[in-house]
Amino acid sequence: MSTTAPTAPQKKINLRRPDIMEAVQAQVLSHYRSELVERIRANGYILSADGRLTIKLAKEFGFCYGVERAIDLAYAATKSFPPHTSIYLLGEIIHNPEVNDQIRNMGIRTIPNKPTDQELEPLGHEDVVIIPAFGTEVATRAKLEAKGCQLVDTTCGDVMSVWKRVRQYSKDSVTSIIHGKAKHEETKATTSQATAYGSGHYLVVFNLSETDYVCNYIVNGGSKEEFLEHFKGAHSPGFDPELHLSAVGVANQTTMLRGETEEVQRRFKAAMVKKYGAGELDRHFRYFDTICGATQDRQDALEKLLREPMDLLLVIGGYNSSNTSHLAEMGEAKLPTFFIKNAAKMVSEKLIQHYNQHIQQEVATRDWLPEGKITVGITAGASCPNNLIEDAIRRLFQLRGVSVQELLAN
């Protein structure tokens with residue numbers, strides 16, 4: 001009887017060789033750098049044409065370290081493996097359409113972030129698969145490893161810190177309460193970690209309203225059927241609120257608003273104290289702060305910017321970017337705010353196309369740019385490159401009839 005010999009393990013390839021990274025850095029800079037943005041930073045984050053327009057940049061915006069690392073590794077993959085190697089990306093490297101288009105233009109093929117067995121069928125041990133910055137589900141990674149694919153893992157360290165926490169919760173029979181968006185790739189990857197080891201369970205809460213719903217159930221009980229229907233698609237298989245809410249540990253999608261995540265944990269803590277008493281709290285409640293530092297830096301910088309007098313705010317980034325959407329939420333609470341993915345959305349002084357998060361679609365607003373002397377604030381999500389920020393700045397001044405080159409020359 002003949003048997004098929006097992007595939008020999010592939011030799012580990014160092015993507016961070018100095019010669020590779022030197023070439024990568026040059027290519028990344030050519031694609032995403034902005035000399036204009038750097039000059040505005042050096043000028044106190046302000047560029048002004050007296051009498052027409054002043055723009056103010058938040059002091060933290062754009063690419064974070066995790067995003068830069070993910071892009072560097074994807075670029076390095078195209079230079080490190082033998083010619084004609086097929087390189088695949090699970091979904092999107094980050095949540096920015098222009099960056100993902102650039103990745104595809106480099107010959108990297110895209111497959112779904114949760115591929116079916118049929119979609120994985122063509123892949124073999126000579127193929128390379130890039131795992132995006134927000135990670136992938138445990139089962140997907142296991143399938144890729146079983147096929148012998150060479151993995152380029154760009155998962156952000158902050159995301160992996162959350163995974164460590166929910167794995168520990170699982171091992172301790174503590175249900176993970178994850179503050180996040182149930183359909184977001186990062187949250188799906190995190191929930192898969194919560195159920196991968198033993199009999200772990202999870203429940204995803206999106207906002208404070210859902211938090212209060214769960215806390216009320218913990219304290220007062222209720223209809224299990226109604227609860228499970230309310231959180232359909234946001235809980236682990238076999239989840240029973242009567243059993244699995246007796247001990248909970250709060251974690252979060254790393255790009256949520258810190259203040260809201262802190263309030264989520266406060267409300268769960270209060271519910272457990274009310275239900276079991278303060279002396280029993282350690283048996284029933286755990287919490288670790290796992291908000292991404294870069295996300296918080298951008299939120300803090302925008303909060304400071306919003307204290308200054310401005311007429312409107314532009315938030316630039318991918319519409320499916322969670323950290324960018326929260327920046328837009330912060331702006332909307334203070335002044336007219338327009339969430340755009342690129343400068344082309346500023347069609348004219350009279351018309352802008354922008355994303356409305358509440359209805360989850362792009363809308364058009366007329367007469368968005370006030371006449372006379374105005375100040376416009378600008379920020380961008382952690383997945384937005386500086387060249388797109390420059391495009392938006394140039395477009396704003398163009399709409400006011402101002403040449404940026406002449407302005408900088410003065």
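1. What to know about the nonpolar core
One finds Ile55, Leu314 and Ile393 to be the most contacted residues of the largest nonpolar core, which totals 35 residues. Elements with a contribution of two residues or more to this core: helix H2 (35-42), strand S1 (46-49), strand S2 (53-57), strand S11 (312-316), strand S12 (337-340), strand S15 (374-380), helix H16 (386-399) and helix H17 (404-409). In terms of residues, this core owes the most to one element, H16, which gives seven residues. Counting residues in hydrophobic clusters, the runner-up holds 31 residues, among them Val28, Tyr32, Ile71 and Ile87.

2. Considering the pairing of S11
Extensive coverage of S11 is indicated by the burial of five of its five residues. Covered by surrounding structure in S11 are Leu312, Leu314 and Ile316 together with Leu313 and Val315, the residues of both alternating faces. As judged from the five bridges shared by S11 and S15, these two strands associate in the parallel manner. Bridge assignment links Ile316 to a residue of S15, and that residue is Ala380. Pairing geometry for S11 and S12, over four bridges, is parallel. Counterpart to Leu314 in the pairing with S12 is Phe338. Handedness of the crossover joining S11 and S12 through helix H15 (residues 322-332): right-handed.

3. A few points about the layout of surface pockets
Taken as a whole, the largest pocket encloses approximately 560 Å³ of empty space. By residue number, the principal contributor to the lining of the largest pocket is H15, which donates four residues. Residue composition of the lining of the largest pocket, grouped by class: four nonpolar, nine polar and five charged. As a volume, the second largest pocket reaches approximately 290 Å³.

4. A word on a negative patch on the surface
Together, Glu60, Asp297, Asp300 and Glu303 make up a negatively charged patch on the protein surface. One can find Asp297 in helix H14 (residues 293-305).

5. Let's talk about the packing of H2 against H16
For any two helices packed against each other, one specifies the inter-axial angle together with the distance between the axes. Two elements in contact, H2 and H16, have axes whose closest approach is 8 Å; the angle formed by their N-to-C orientations is 80°. Here H16 runs roughly perpendicular to H2, going by the angle between their axes. Residues Glu35, Leu36, Val37, Ile40 and Arg41 of H2 form the contact with H16, whose own contacting residues are Asn386, Ile389, Glu390, Ile393 and Arg394.

6. Details of the pairing of strand S6 (residues 150-153)
One ladder, built from four bridges, connects strand S5 (residues 128-131) with S6; its direction is parallel. Across the sheet, residue Val129 finds its bridge partner in S6, namely Leu151. Crossover handedness for the path S5 to helix H6 (residues 138-146) to S6: right-handed.

7. Focus on empty space enclosed by the protein
The full count for this structure, using the stated rule, is two cavities of 30 Å³ or more. Taken as a whole, the largest cavity holds about 290 Å³ of empty space. If you trace the largest cavity, you find 23 residues lining it, with Val67, Ala133, Phe134, Thr255 and Asn323 closest to the centre. Listed by contribution, the elements that provide at least two residues to the lining of the largest cavity are helix H3 (65-80), helix H7 (157-171), H14 and H15. Considered class by class, the residues forming the lining of the largest cavity number 11 nonpolar, 10 polar and two charged. Of the voids in this model, the second largest cavity is the one considered here, and its volume is about 50 Å³. Asn113, Gly135, Thr136, Glu137, Glu185 and Lys188 are the residues that line the second largest cavity. Counted by class, the lining of the second largest cavity contains no nonpolar, three polar and three charged residues.

8. Remarks on the sheet that holds strand S8 (residues 202-205)
Reading across from one edge, S8-S7-S9-S10 is the order of the four strands in this open sheet, with parallel pairing throughout. Single-partner strands in this sheet number two, and they are S8 and strand S10 (285-287). Across the sheet, the mean angle separating the axes of adjacent strands is 25° when strand polarity is ignored. Sheet topology places strand S9 (residues 248-252) next to S10; three bridges connect them, and they run parallel. Within the sheet, the bridge partner assigned to Val250 lies in S10 and is Tyr287. Running at roughly 155° to S8, helix H8 (residues 185-195) makes contact with strand S7 (175-179), S8 and S9 of the sheet.

9. So, the sheet that holds S15
With mixed pairing, five strands are arranged side by side in an open sheet as S1-S2-S15-S11-S12. Edge positions in the sheet fall to S1 and S12, since each of these pairs with one other strand and no more. Taken pair by pair, the neighbouring strands of this sheet meet at an average axis angle of 20°, ignoring direction. Note that S1 and S2 share four bridges and pair antiparallel.

Here is what the cut-offs are and how they apply
Residues numbered from 1 in each chain as written. Predicted model: local features only at pLDDT ≥ 70, side-chain atom pairs only at ≥ 80, totals over all residues. Heavy atoms only, no water. Core = buried A, V, L, I, M, F, W, Y, C linked by side-chain atoms within 4.5 Å. Buried < 20%, exposed > 50% of the residue type's maximum accessible area, 1.4 Å probe, protein only. Helix = DSSP H or I, 4+ residues; strand = E, 2+ residues; numbered from the N terminus. Pairing = 2+ DSSP bridges. Right-handed = clockwise from strand over helix to strand, strands pointing away. 1 Å grid on protein atoms, 1.4 Å probe; cavity = no way out; pocket = protein on both sides within 12 Å on 5 of 7 lines; lining within 4 Å. Points joined across faces, edges and corners; volume = space filled by probe spheres on them. Nonpolar A, V, L, I, M, F, W, Y, C, P; charged D, E, K, R; others polar. Patch = residues over 30% accessible without salt bridge, like charges linked within 9 Å, V, L, I, M, F, W, Y side chains within 5 Å. Areas by Shrake-Rupley, 256 points an atom, 1.4 Å probe, with all protein chains shown as cover. Salt bridge = Lys/Arg side-chain N within 4 Å of Asp/Glu carboxyl O. Lys, Arg positive; Asp, Glu negative; His and termini not counted. Charge placed at Lys NZ, Arg CZ, Asp CG, Glu CD. Axes fitted to C-alpha atoms, helices over the stretch in contact; angles between N-to-C directions. Parallel < 35°, antiparallel > 145°, perpendicular 65-115°, else oblique. Contact = heavy atoms within 4.5 Å.

Don't take any of this as a statement about function, it's just geometry.
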